[in-house]
Amino acid sequence: DLLNVMGAGRLEIMDEKAEDDSDLASRAHMGHAYIFASCGHSAIYEEASSDLTMLKDPPKNRVAISSKLNVHRYPGPIKSHVSKKPVMSYTVAYSTSIVKPVMSYTVAYSTSIVKSVQFYTVGMDSYYYHGTPSPYYTVKSCLYFTIVALCSPHVLGLTVLMWIVGKIKEIFSGDPKRLRKLPEGQRRTVLIATGPFSKTLHVARILARAGHTIIVADFEPLYYTGVQWSKYVDRMAYVPGITEDGKTEKRYIDAMVKLAMDENIDWFIPVSHIASAVPNTRVQEILSRVRPNIKTLSFGDHALAKLLDNKVTFSAKCRELGLPVADFHVVHCVEDLQKLRDGGIFKDSHYFMKPVITVPFTRYRSGFTRIPHDLKAFNNYAEEIRGQLTREAFFVCKFISGPQFLSNALCREGQVLAIQVGPCSSIHIDYDVISHPDIRDWTMRFCSKMNITGFLCFDFIQDSQTGQVYCIECNPRLHSSIVSYGQDPRLASIIQEVLEPGSVQEGVPIPLEPALDTPHVYWLYQEVFRLCSGQIGPGHFVEILWHGREAVWDADDPLPFLMFYTVQLLYPLAKYIVSGNPWERVNPCIGIIK
């Protein structure tokens, strides 16, 4: 390899035959964490401005390895987050200088009776939305914390009861889905990222039941999620989260690469959060160079992922391909907006603004305020948004009235191997399966023309007057509606077929689609909230529970259900009580309070 550990942690360049300095630096940066994991030393990595050189006579315990990094040992005790037992550990800390405070990025290993957990963490609580702290949010958090805590014993009782009922049903009806494990030679070690979501748990369960070993990586602040308690998850790892400003993205990529190499994985499946979807393509690019035997269920093309994730470039590409999208314009300043107003497009049509770049957890994720044409009203509107327009570009899009839909696809080289279509739900709280030929055809045409490999999903709107379907957004990641497949073992076969062509099991249809009579999928927390807030009546509530399927519950794996609705909510609520930071709602589907 490029780097090698010599003696007491000294590093030497073993091969300087790189295409250019940046390639050498990239390879060196990738390799350092893996090497220090093997030698077990603590280290601080500091930013350096020097050219790509090796120090001829480095100070004791210190050596420069690239234009990006200097290294020296840094001893420091690490505490395990899951056990009081002593742990073998080391610390990797980043700092722009020796004297500035250092952000710790720790890796600890602990073995307990139930599970082994590794931590690749960074002190980065800003993953949670931080606004102006307020006593209101402290009180709100206390109230929710108290309610969840008081309900926890009932959730425990419900879990036990549902587990008993499930086992009785299994005895009398049988469950062939739990018996179809692959032969030893076809089982793989799988790294899934990231972890708090229901979709992560779903994919982990499906693949584990096929016989694969599952490792789940999650963002550091999101401890104590239901996923880590699943019996189908062999190990959990925590990596640096990605902040809204993107400053921690590189640390996330480095940690994911290191984790993949440490665990000697066979497959990398990025289920992905909004913030990690595009960076995961960087992870794949690095792994393809240093460990080409690792198969990745991702685009393998960072530029393509950015194109799909960007509303403007995606919509422009759809126009180029002849696929219908709503009319749109890009504005960078109020003057650009004024030109559109002068052109008269706001006079008879409803246009609204959204940021070009998808930003998690902001007020711009929803809202369709009409841009006024009347001069006085327009000037007032322009003044309100002037400050924001100086900081980022906005997407001015025509509003179309009508029902919204989604499609979720899994592709290999343009061929759609699995696809589902359903109505869009509010904040991902429930899902149904429907047949919509126009949306199915649009999805398959786009994936074919773009030669897509990996997971991606689309949002559509159907004009209530003309019936025309328009695509309004693409997300280069798996959609939470994957839970509609239930524990269909054929989905595991399709995933393996994408990664290892020719391995699909006999009798698995392509494309694989969930049955139209699939039960309505719901999250119990949300339905209880709707009942208590008067949004639905008791009769409707009972009907949903009787005929639907709870998204997290599995009689064969009950602990995630218990933890999703107790600890996974109590832990962040406790943090909000202390900080007083604002939050809007609990989203049980993605397992996050935001």
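Calculation notes
- Residues numbered from 1 in each chain as written.
- Predicted model: local features only at pLDDT ≥ 70, side-chain atom pairs only at ≥ 80, totals over all residues.
- Heavy atoms only, no water.
- Helix = DSSP H or I, 4+ residues; strand = E, 2+ residues; numbered from the N terminus.
- Buried < 20%, exposed > 50% of the residue type's maximum accessible area, 1.4 Å probe, protein only.
- Contact = heavy atoms within 4.5 Å.
- Areas by Shrake-Rupley, 256 points an atom, 1.4 Å probe, with all protein chains shown as cover.
- Axes fitted to C-alpha atoms, helices over the stretch in contact; angles between N-to-C directions.
- Parallel < 35°, antiparallel > 145°, perpendicular 65-115°, else oblique.
- Nonpolar A, V, L, I, M, F, W, Y, C, P; charged D, E, K, R; others polar.
- Core = buried A, V, L, I, M, F, W, Y, C linked by side-chain atoms within 4.5 Å.
- Domains from an automatic or database assignment.
- Salt bridge = Lys/Arg side-chain N within 4 Å of Asp/Glu carboxyl O.
- UniProt positions renumbered as here; feature names shortened; annotations may be inferred.
- Phe/Tyr/Trp six-rings, centres within 6.5 Å; stacked < 30°, edge-to-face > 60°.
- Patch = residues over 30% accessible without salt bridge, like charges linked within 9 Å, V, L, I, M, F, W, Y side chains within 5 Å.
- Pairing = 2+ DSSP bridges.
- Expected span 1.5 Å × (residues − 1).

1. Looking at the overall build of the protein
Scanning the protein from terminus to terminus reveals 15 helices and 25 strands. Buried residues in the protein amount to 54% of all 594 residues. For the protein, contacts bridging at least 24 residues in sequence account for 68% of all contacts bridging at least 6. With the model as given, the accessible surface of the protein reaches about 26800 Å², and the carbon-plus-sulfur share is 55%.

2. Thoughts on the packing of helix H7 (residues 311–321) against helix H10 (residues 437–450)
Taken N-terminus to C-terminus, the directions of H7 and H10 make an angle of 95°; their axes are 11 Å apart at the nearest point. Our classification of the angle between H7 and H10 gives roughly perpendicular. Taking contact as the criterion, the partners of Phe314, Lys317, Cys318 and Leu321 in H7 are, on H10, Trp442, Phe446, Lys449 and Met450. Grouping the constituent residues of the contact of H7 with H10 by class yields 6 nonpolar, no polar and 2 charged.

3. What to know about the nonpolar core
The biggest cluster of nonpolar side chains holds 65 residues, and the ones touching the most others in it are Ile192, Leu207, Ile269, Ile495, Trp523 and Tyr565. When residues of this core are assigned to domains, at least three fall in each of domain 1 (180–298) and domain 2 (307–321 + 401–498). Excluding residues that lie within four positions of it along the chain, Ile495 makes contacts with Val203, Leu207, Ile269, Leu297 and Leu410. Judged by nonpolar contacts, the second largest core, of 28 residues, contains Leu321, Cys447, Leu456 and Val469.

4. A short note on the pattern of salt bridges
One side chain can pair with another of opposite charge once the charged atoms of both are near each other. One pass over the full model with this rule turns up 21 salt bridges. The partner of Glu500 in a salt bridge is Arg188, and the shortest N-O contact between them spans 2.7 Å. Taken together, the residues Glu500 in the loop between helix H11 (489–499) and strand S22 (521–522) and Arg188 in the loop between helix H2 (135–173) and strand S9 (189–193) connect sequence positions 312 residues apart. No difference in accessibility class separates Glu500 from Arg188, as the two residues are buried. Between Glu263 and Arg235 there is a salt bridge, and its shortest N-O distance comes to 3.0 Å. Placement of Glu263 in the loop between helix H4 (249–262) and strand S12 (267–270) and of Arg235 in strand S11 (residues 235–239) is noted, with a sequence separation of 28 residues between them. The exposure class of Glu263 is buried, given its relative accessible area of 14%. Looking at Arg235, the relative accessible area reads 21%, which means it is partly exposed.

5. Some thoughts on H11
Most of H11 sits inside the fold, with 9 of its 11 residues counted as buried. Those residues of H11 that fall on the buried side of the exposure criterion are Leu491, Ala492, Ser493, Ile494, Ile495, Gln496, Glu497, Val498 and Leu499. On its buried face, H11 sits against helix H3 (198–209), S12, strand S13 (295–296), strand S17 (404–412) and strand S18 (415–423).

6. A look at the UniProt feature "transmembrane region" (unreviewed entry) in the protein
Residues given the UniProt feature "transmembrane region" (unreviewed entry) here are residues 143–165. Helix makes up 100% of residues 143–165 and strand 0%, whereas the separation of the span's terminal C-alpha atoms amounts to 33 Å.

7. Describing the packing of aromatic side chains
Applying the stated rule across the entire model yields 19 aromatic pairs. Between Trp442 and Phe460, the ring centres sit 5.3 Å apart and the planes meet at 85°, which makes this aromatic pair edge-to-face. With Trp442 in helix H10 and Phe460 in strand S20 (residues 454–462), the pair connects residues that are 18 residues apart, well separated along the chain. Pairing Phe446 with Phe458 gives two aromatic rings, centres 5.4 Å apart and planes at 80°, and the pair type is edge-to-face. Linking Phe446 in helix H10 with Phe458 in strand S20, this pair joins segments that are 12 residues apart in sequence.

8. Some points on a nonpolar patch on the surface
Together, Leu156, Val160, Trp163, Ile164, Ile168, Ile171 and Phe172 make up a nonpolar patch on the protein surface, roughly 740 Å² of accessible area in all. Examined against the element boundaries, Ile168 turns out to sit in helix H2. Overall, the relative accessible area of 43% leaves Ile168 in the partly exposed class.

9. Some details on unusual backbone geometry
Residue Thr194 follows Ala193 across a cis peptide bond; omega there is 0°. Following the sequence through the fold, Thr194 ends up in the loop between S9 and H3. Ile510 connects to Pro511 through a cis peptide bond whose omega is 0°. Here Pro511 lies in the loop between H11 and S22. Positioned with a positive phi, Asn264 is a non-glycine residue whose angle comes to about 55°. Along the chain, Asn264 falls in the loop between H4 and S12. For Asn264, a relative accessible area of 51% puts it in the exposed group. One non-glycine residue, Ser272, lies in the positive phi region at around 75°. Inspection of the secondary structure puts Ser272 in the loop between S12 and helix H5 (279–290). Judged by its relative accessible area of 2%, Ser272 falls in the buried class.

10. Structural notes on the sheet that holds strand S19 (residues 430–431)
Spatially, the 3 strands line up as an open sheet ordered S19-S22-S23, and their pairing is mixed. Among the strands making up the open sheet, the edge pair consists of S19 and strand S23 (549–550). Both S19 and S22 contribute to a ladder of 2 bridges, which runs antiparallel. Residue pairing in the sheet places Tyr431 in a bridge with Val521 of S22.

11. Side note on the environment of Lys347
Checked against the element boundaries, Lys347 lands in the loop between helix H8 (334–342) and strand S15 (351–355). Lys347 sits 25 residues away from Pro372 along the chain, and the two C-alpha atoms are 7.6 Å apart.

12. Remarks on helix H15 (residues 567–579)
Taking 1.5 Å as the rise per residue, H15 with 13 residues should run 18 Å; its terminal C-alpha atoms sit 18 Å apart, in good agreement. Among the residues of H15, those classed as buried are Gln568, Leu569, Leu570, Pro572, Leu573 and Tyr576. Looking one or two places after H15, you find Gly580, whose phi comes out positive at around 70°.

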